[in-house]
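# A structural walkthrough
Single-letter residue listing:
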Amino acid sequence: MTRENSVVVHLEDVHKVYQMGTEKVHALAGVSLEFERGTFCAIMGPSGSGKSTMLNLLGCLDRPSSGTYTLAGNDVGSMGDNELSELRLRELGFIFQSFNLIPQLTVRENIELPLFYLGWDAARCEKHSLELADRVGLADRVNHRPTELSGGQQQRVAIARALANDPRVLLADEPTGNLDTATGEQVMALLCELNDAGKTILMVTHEAEVAAHASRRIHMRDGRIERIEEGN
Ligand code: ADP
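Below is a short write-up of the structure. Not measured: the values here are computed from a predicted model. (Residues numbered from 1 in each chain as written. Predicted model: local features only at pLDDT ≥ 70, side-chain atom pairs only at ≥ 80, totals over all residues. Heavy atoms only, no water.)

For the rest of this paragraph, the subject is the overall build of the protein chain. Along the backbone of the protein chain there are 8 helices and 10 strands. For 232 residues, the compact-globule estimate of 2.2 N^0.38 gives 17 Å, and the C-alpha radius of gyration of the protein chain, at 18 Å, lies within 12% of that figure. Oriented by its inertia axes, the alpha-carbon framework of the protein chain measures out at about 50 × 45 × 40 Å. As displayed, the protein chain offers around 11200 Å² of accessible surface, 47% of which is attributable to carbon and sulfur atoms. Both charge centroids of the protein chain, one from 23 positive and one from 33 negative side chains, sit 1 Å from each other. (Helix = DSSP H or I, 4+ residues; strand = E, 2+ residues; numbered from the N terminus. Rg over C-alpha atoms; globule rule 2.2 N^0.38 Å. Areas by Shrake-Rupley, 256 points an atom, 1.4 Å probe, with all protein chains shown as cover. Lys, Arg positive; Asp, Glu negative; His and termini not counted. Charge placed at Lys NZ, Arg CZ, Asp CG, Glu CD.)

This part is about the site of the ligand. The environment of the ligand is made up of Tyr18, Met20, Val25, Ala27, Pro46, Ser47, Gly48, Ser49, Gly50, Lys51, Ser52 and Thr53. Backbone polar atom of glycine 48 to an oxygen atom of the ligand: 2.7 Å apart, as the coordinates give it. Between an oxygen atom of the ligand and a side-chain N or O atom of lysine 51, the distance comes to 2.8 Å. Here the ligand has 560 Å² of accessible area as a free molecule, and 63% of this is covered by the chains. Going through the elements one at a time, strand S1 (7-20), strand S2 (23-36) and helix H2 (51-58) are the ones with two or more residues in the shell around the ligand. (Near = heavy atom within 4 Å. Polar contact = N/O pair within 3.5 Å; in protein donor to acceptor, adjacent residues only side chain to side chain.)

Here we take up the environment of glutamate 226. Relative to the assigned elements, glutamate 226 resides in strand S10 (residues 224-230). Along the primary structure glutamate 226 and serine 49 are separated by 177 residues, whereas in three dimensions their C-alpha atoms are 9.9 Å apart. Excluding residues within four positions of it along the chain, glutamate 226 makes contact with His219, Met220 and Arg221. (Contact = heavy atoms within 4.5 Å.)

Once that is clear, we can look at the sheet that holds strand S5 (residues 74-75). With antiparallel pairing, 4 strands are arranged side by side in an open sheet as S2-S1-S4-S5. Edge positions in the sheet fall to S2 and S5, since each has one partner strand and no second. On top of the sheet, H2 reaches S1, S2 and strand S4 (66-71); it is set at about 125° to S1, its chief contact. (Pairing = 2+ DSSP bridges. Axes fitted to C-alpha atoms, helices over the stretch in contact; angles between N-to-C directions.)

Further remarks concern the packing of helix H4 (residues 107-117) against helix H6 (residues 151-163). Between H4 and H6, whose axes approach to 7 Å, the crossing angle comes to 30°. By the criterion of interaxial angle, the relationship of H4 to H6 is roughly parallel. Crossing geometry of H4 relative to H6 is assigned as right-handed. Here Val107, Asn110, Ile111 and Pro114 of H4 come into contact with H6, specifically with Val157, Ala160 and Arg161. A breakdown of the residues in the contact of H4 with H6 according to their chemical character gives 5 nonpolar, 1 polar and 1 charged. (Parallel < 35°, antiparallel > 145°, perpendicular 65-115°, else oblique. Left-handed = near helix turned anticlockwise from the far one by under 90°. Nonpolar A, V, L, I, M, F, W, Y, C, P; charged D, E, K, R; others polar.)

Let us look at the packing of H4 against helix H5 (residues 122-135). A pair of packed helices is characterised by two quantities: the angle between their axes and the separation of those axes. H5 packs onto H4 with a crossing angle of 125° between their chain directions and a minimal axis gap of 9 Å. Judged by the angle between their axes, H4 and H5 are oblique. Crossing geometry of H4 relative to H5 is assigned as right-handed. Across from Arg108, Ile111, Glu112, Leu115 and Phe116 in H4, the residues of H5 making contact are Cys125, Glu126, His128, Ser129, Leu130, Leu132 and Ala133. Partitioned by chemical class, the residues of the contact of H4 with H5 number 7 nonpolar, 2 polar and 3 charged.

Before going further, it helps to spend a moment on the layout of surface pockets. The calculated volume of the largest pocket comes to roughly 530 Å³. What lines the largest pocket is a set of 22 residues, among which Arg88, Leu92, Gly93, Phe94 and Phe96 lie closest to the centre. At the level of elements, H2, helix H3 (81-91), strand S6 (92-95), H4, H6 and strand S7 (169-173) are the ones that each hand at least two residues to the lining of the largest pocket. Considering each element in turn, the lining of the largest pocket owes the most residues, 4 residues, to S6. (1 Å grid on protein atoms, 1.4 Å probe; cavity = no way out; pocket = protein on both sides within 12 Å on 5 of 7 lines; lining within 4 Å. Points joined across faces, edges and corners; volume = space filled by probe spheres on them.)

The final tally for this structure, using the stated rule, is 13 salt bridges. Here glutamate 193 and arginine 135 are joined by a salt bridge, their closest N and O atoms 3.1 Å apart. Here glutamate 193, found in helix H7 (residues 181-196), pairs with arginine 135, found in helix H5; they are 58 residues apart in sequence, far enough to count as distant. Connected through salt bridges with shared partners, the residues Arg90, Glu91 and Arg168 form a single ionic network. (Salt bridge = Lys/Arg side-chain N within 4 Å of Asp/Glu carboxyl O.)

Moving on, we get to the packing of aromatic side chains. Within this structure, the stated rule accounts for 2 aromatic pairs. Between phenylalanine 94 and phenylalanine 96, the aromatic rings sit 6.1 Å apart at their centres with planes inclined by 10°, giving stacked as the arrangement. Judged by its relative accessible area of 28%, phenylalanine 96 is partly exposed. Ring centres of phenylalanine 116 and tyrosine 117 lie 5.6 Å apart, and the angle between their planes is 70°; this geometry places the pair in the edge-to-face category. (Phe/Tyr/Trp six-rings, centres within 6.5 Å; stacked < 30°, edge-to-face > 60°. Buried < 20%, exposed > 50% of the residue type's maximum accessible area, 1.4 Å probe, protein only.)

And the structure:
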């Protein structure tokens, strides 16, 4: 594999400017970054430093005001809304602090959602979602609803859902923020396992212990990269 092929995420002098009345807020003020396949990176920094803006951009929920963002060879800034939705569905899995499961659906149905949007037939959806539930240690909970599960179990369902479309990149926003320390550690162990198996993981966190699991830590301040730490 050439280095060009192994770069999944490439930001080049990315700016994000919000207009607040007459004032411009530079939420990202010239960020250049590359993430190669298999990276596990934590994005850190004080409140207001641009972490959420960065995650929104990485997740193709927004486009840069200037500069370029290339995801798996696709120039995100030049894509329309439908193309971006397709790109998200194909290349990205999302894990949120508050799990964001659909309460009316069972564990299995929650995991199947991305597959449903990809147009898989029911039998294939079911088989794959059961495999994923097993992969995250919830094979015996597939017919339960999220409210019948602990926080750690709910986050594992959300991780299984994020994996359903076999995305190149998992984006995690404070994945342990709603969990106690021990449960949070279990969720981090699962993310580390997925990373060892080759998944690229980009995670926003403000907790140093959580970030310590990543192999790279990007510290942001005032919309810029303040410093990057390698190794764990
Ligand atoms: P963090 O996630 O690190 O707390 P954010 O990315 O949320 O930082 O915010 C970075 C800066 O951009 C802050 O000054 C914030 O007030 C501003 N900002 C974020 N989103 C918007 C928005 N939709 N409109 C205006 N300003 C915004």
